[in-house]
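# Architecture at a glance
Here is what each chain is made of, one letter per residue.
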Amino acid sequence: MDELSGGDGAGLSPRDREMLEFESLWWRDEGAKGEEIRRRFGVSPVRYYQQLNALISRPEAMDVAPVVVGALLRRRDR
């Protein structure tokens, strides 16, 4: 994903970057997304979204993936 190559993202783990990349994908079926969260990240969707919420609050995440993080912040703040 091109966006994740921007910014230095110091302090983000490979897993953090993978979560941001995962969130850039479009999902037609939330059930399928939930299954992929379990498979890829080894946590329940609820735990994943808790971790994602913490991640998008970090300035490093905005530096690395501003479009994805901006969209997620807008969705969270609704």
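Everything here concerns the structure above.
Here goes a summary of the coordinates provided.

Rules used in this analysis
Residues numbered from 1 in each chain as written. Predicted model: local features only at pLDDT ≥ 70, side-chain atom pairs only at ≥ 80, totals over all residues. Heavy atoms only, no water. Helix = DSSP H or I, 4+ residues; strand = E, 2+ residues; numbered from the N terminus. Buried < 20%, exposed > 50% of the residue type's maximum accessible area, 1.4 Å probe, protein only. Contact = heavy atoms within 4.5 Å. Areas by Shrake-Rupley, 256 points an atom, 1.4 Å probe, with all protein chains shown as cover. Expected span 1.5 Å × (residues − 1). Axes fitted to C-alpha atoms, helices over the stretch in contact; angles between N-to-C directions. Parallel < 35°, antiparallel > 145°, perpendicular 65-115°, else oblique. Left-handed = near helix turned anticlockwise from the far one by under 90°. Nonpolar A, V, L, I, M, F, W, Y, C, P; charged D, E, K, R; others polar. Polar contact = N/O pair within 3.5 Å; in protein donor to acceptor, adjacent residues only side chain to side chain. 1 Å grid on protein atoms, 1.4 Å probe; cavity = no way out; pocket = protein on both sides within 12 Å on 5 of 7 lines; lining within 4 Å. Points joined across faces, edges and corners; volume = space filled by probe spheres on them.

## Comments concerning the overall build of the chain
Counting secondary structure elements, the chain contains five helices and zero strands. In the chain, the succession of α and β elements from N to C terminus is α-α-α-α-α. Burial statistics for the chain: of 78 residues in total, 37% are counted as buried. For the chain, restricting intrachain contacts to residue pairs at least 6 apart in sequence, the fraction spanning at least 24 positions comes to 51%. When the accessible surface of the chain is split by element, carbon and sulfur atoms take 52% of a total near 4,900 Å².

## Describing helix H3 (residues 45-56)
One turn of an α-helix holds 3.6 residues; hence residues three or four places apart share an orientation. Helix length check: H3, at 12 residues, gives a terminal C-alpha distance of 16 Å against a target of 16 Å (1.5 Å per residue), a fit within 8%. Tucked into the core, H3 has its buried residues touching helix H1 (14-23), helix H2 (30-41), helix H4 (59-64) and helix H5 (66-77).

## Focus on the packing of H3 against H5
Here H3 crosses H5 at 115°, and the two axes come no closer than 10 Å. By the angle between their directions, the pair H3 and H5 is classed as roughly perpendicular. Read as a crossing pair, H3 and H5 show a hand that is left-handed. Contact residues: Leu-52, Asn-53 and Ile-56 in H3; Val-69, Leu-72, Leu-73 and Arg-76 in H5. Taken together, the residues of the contact of H3 with H5 sort by class into five nonpolar, one polar and one charged.

## Observations concerning the side chain of Glu-36
With respect to the helices and strands, Glu-36 occurs in helix H2. A polar atom in the side chain of Glu-36 sits 2.5 Å from the side chain of Arg-39. With near-sequence residues (within four places) excluded, Glu-36 lies in contact with Phe-22, Trp-27 and Phe-41.

## Some details on the layout of surface pockets
If you add up the space inside the largest pocket, you get close to 170 Å³. Contributing to the lining of the largest pocket are Glu-23, Leu-25, Trp-26, Trp-27, Glu-30, Lys-33, Val-67, Val-68, Ala-71, Leu-72 and Arg-75. Mapped onto the lining of the largest pocket, the elements with two or more residues apiece are H2 and H5. For the lining of the largest pocket, the class distribution of residues is seven nonpolar, no polar and four charged.

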